[in-house]
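Secondary and tertiary structure notes
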Amino acid sequence: MTKGIFEPLLQDIEADSAGTLKIKMFSGGTLVKPEDAFDAVRRGLVDMAWSLSGYNPGRFKAAGVTEVPFQANDVQEGSAGVWALYENDLMDGFDDVYVFGLSSSAVALLHSGKESNSLDDFKGERVRAAGPLASASIEAIGLTPIGLPASQVAENLSKRVLAGSVNDWVALQTWQIADFVKYHIDAPLGAATVYVIINKRKYDSLPEPAKAALAKHGGAAFVKRWSDSLEAENQRIKAELLQDKSHVVVTPTAEELEGYQAKVQKVVDEWIAATPNGKEIWDVYTSTIEDVRAK
């Protein structure tokens, strides 16, 4: 994230700002914790930050839609869906900040050290999942969701507290999860919504060349940059791990996926009913994914 996406991005913004911007980055949570990032920007403790909406459950209701499994198959699809929600004024919770960009994380799948041929092999077993919609969906399939930070997954897999974990391929390398999983059920089990925001007062105080540079590299341009870079890294790590022939990827059939999706539909229906503009959010998100897939 730091070297591949954000450092080049900030350098490009600076270069196009006609000398009006200098952005100093503090990576790895050294300046503010991920769960505190939004409020730190809103209050002006930091000028700019990125994080995941899922670190603040219940705060960003529309953003939770990315957690639903069996929708987006990759970063490009999920990010397009997220940005479409923002462009249609359906992304709540961001009124107090300047939104530089909104995207999706890489799409998660189920990883396990247990020999397995399908998601059905994990019925009743403890599986790490992140976010309320993701957990409810996993439970609807018959698994037992356990909420844990990614940093604790490897330890709990090693102790067999967990039978598996729902993560993207990037997380397997970042958090050393790959050492404890050899079986990968390649079903799209949802993602997370990513935000990059700027303090509104700071943004308003900037000269026009600075705002123009941010506009040039933000919005849809950021969505494309983020999506292409992150999906490429996700696939690179996947290919690297699968060079070890002891890793096994299991791909569910279309019929199996339809069955799982049918089980999750009740969760979706309840979320739509409980969320302001829920039906419109769902329709915009899913139709945008279909449009991207059709291209």
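Note that the structure is predicted; figures quoted are calculated from it, not measured.

To continue, consider the nonpolar core. Ranked by size, the top nonpolar core spans 54 residues in total, and within it Leu-85, Met-91, Phe-94, Leu-102, Leu-110, Leu-189 and Tyr-195 carry the most contacts. Elements supplying a minimum of two residues to this core: α2 (37-43), α3 (75-87), β2 (97-104), α4 (132-141), β8 (193-199), α10 (254-274) and α11 (278-294). Here Leu-85 is in contact with Ala-62, Val-65, Leu-90, Met-91, Ile-281, Val-284 and Tyr-285, once residues within four sequence places are set aside. Within the second largest apolar cluster, 34 residues are counted, among which are Ile-198, Ala-210, Ala-213 and Leu-241.

What follows deals with the packing of α10 against α11. The contact between α10 and α11 brings their axes to 7 Å, and the two run at 125°. Here α10 lies oblique to α11, going by the angle between them. Contacts between α10 and α11 involve Val-268, Trp-271 and Ile-272 on the former and, on the latter, Gly-278, Lys-279, Ile-281 and Trp-282. Among the residues forming the contact of α10 with α11, the class breakdown is five nonpolar, one polar and one charged.

So, about unusual backbone geometry. Phi is positive for Asp-89, close to 60°, though the residue is something other than glycine. Checked against the element boundaries, Asp-89 lands in the loop between α3 and β2. Its relative accessible area of 70% is what places Asp-89 among the exposed residues. Of note in this structure, Gln-176 is not a glycine but carries a positive phi near 55°. Topologically, Gln-176 is positioned in the loop between α6 (169-174) and β7 (183-185). On the accessibility criterion, Gln-176 (47% relative accessible area) is partly exposed.

Here the focus is the packing of helix α1 (residues 2-15) against helix α8 (residues 208-217). The contact between α1 and α8 brings their axes to 8 Å, and the two run at 140°. Compared by their axis directions, α1 and α8 come out oblique. Here α1 runs over α8; the crossing is right-handed. From α1, Leu-9, Asp-12 and Ile-13 reach across to α8, where they touch Ala-213, Leu-214 and His-217. Each residue belonging to the contact of α1 with α8 can be placed in one class, and the counts come to four nonpolar, one polar and one charged.

Okay, the packing of aromatic side chains next. Enumeration according to the criterion identifies 14 aromatic pairs in this entry. Judged by centre distance (5.7 Å) and plane angle (65°), the rings of Phe-94 and Tyr-195 are edge-to-face. Taken as a pair, Phe-94 in the loop between α3 and β2 and Tyr-195 in strand β8 lie far apart in primary sequence, 101 residues in all. Centroid distance Phe-222 to Trp-226: 5.9 Å. Interplanar angle 40°. Geometry classified as tilted. Of this pair, Phe-222 and Trp-226 both sit in helix α9 (residues 220-241), four residues apart, which is roughly one turn of that helix. Note on accessibility: Phe-222 and Trp-226 belong to one class, buried. Put simply, the rings of Phe-6, Trp-50, Phe-100, Phe-222 and Trp-226 touch in pairs and so form one group of aromatic residues. One cation-aromatic arrangement involves Lys-114 over Phe-122; the distance from NZ or CZ to the ring centre is 5.0 Å. For the cation-ring pair, Lys-211 lies above Tyr-203, with the distance from its terminal atom to the ring centre recorded as 5.3 Å.

What follows concerns the environment of Asp-244. By secondary structure assignment, the location of Asp-244 is in the loop between α9 and β9 (248-250). Looking at Asp-244, its side chain comes within polar contact range of the side chain of Ser-246, at 2.7 Å.

This part takes up the pairing of β2. The buried fraction of β2 amounts to seven of the eight residues, a majority that puts the element mostly inside the structure. Here β2 pairs with β8 via seven bridges, running antiparallel. Opposite Val-97, over in β8, you have Asn-199 as the bridge partner.

Thresholds, definitions, all that
- All residue numbers refer to position in the chain's written sequence, counted from 1.
- Owing to the predicted nature of the model, reporting of local features is limited to residues with pLDDT of at least 70; listing and counting of side-chain atom pairs is limited to 80 or more, with chain, interface and lining totals taken over all residues.
- Derived side-chain values reflect all non-hydrogen atoms in the structure, with water molecules and hydrogen atoms excluded from consideration.
- Here, nonpolar core refers to any group of buried Ala, Val, Leu, Ile, Met, Phe, Trp, Tyr and Cys residues whose side-chain atoms link them within 4.5 Å.
- Exposure classes here rest on a 1.4 Å probe applied to the protein chains alone. A residue is buried below 20% of its type maximum, exposed above 50%, and partly exposed in between.
- For helices the rule is a DSSP run of H or I covering at least 4 residues; for strands it is a run of E covering at least 2, with both sets numbered from the N terminus onward.
- Throughout, a residue-residue contact means that at least one pair of heavy atoms, one from each residue, lies within 4.5 Å.
- For helices, the axis comes from a line fit to the C-alpha atoms of the stretch in contact; other axes are also lines fit to C-alpha atoms, and the angle between any two N-to-C directions lies between 0 and 180 degrees.
- By the definition adopted for this analysis, an angle is roughly parallel if under 35 degrees, roughly antiparallel if over 145, roughly perpendicular if from 65 to 115, and oblique otherwise.
- When residues are grouped by polarity, Ala, Val, Leu, Ile, Met, Phe, Trp, Tyr, Cys and Pro land in nonpolar, Asp, Glu, Lys and Arg in charged, and all others, Gly among them, in polar.
- Helix crossings are classified by the rotation of the near helix relative to the far one: an anticlockwise turn of less than a right angle makes the crossing left-handed, while a clockwise turn makes it right-handed.
- Pairing of aromatic side chains here covers Phe, Tyr and the six-membered ring of Trp, requires ring centres within 6.5 Å, and sorts the geometry by plane angle: under 30 degrees stacked, over 60 edge-to-face, intermediate tilted.
- Here, a charge over a ring means that NZ of Lys or CZ of Arg falls within 6 Å of the ring centre while also lying within 35 degrees of the ring normal.
- Counting of polar contacts relies on pairs of N or O atoms within 3.5 Å, with two restrictions inside protein: one atom must be capable of donating a hydrogen and the other of accepting it, and residues adjacent in sequence are counted only when both atoms are side-chain atoms.
- Strand pairing follows a simple DSSP-based rule, namely that at least 2 bridges must link the two strands.

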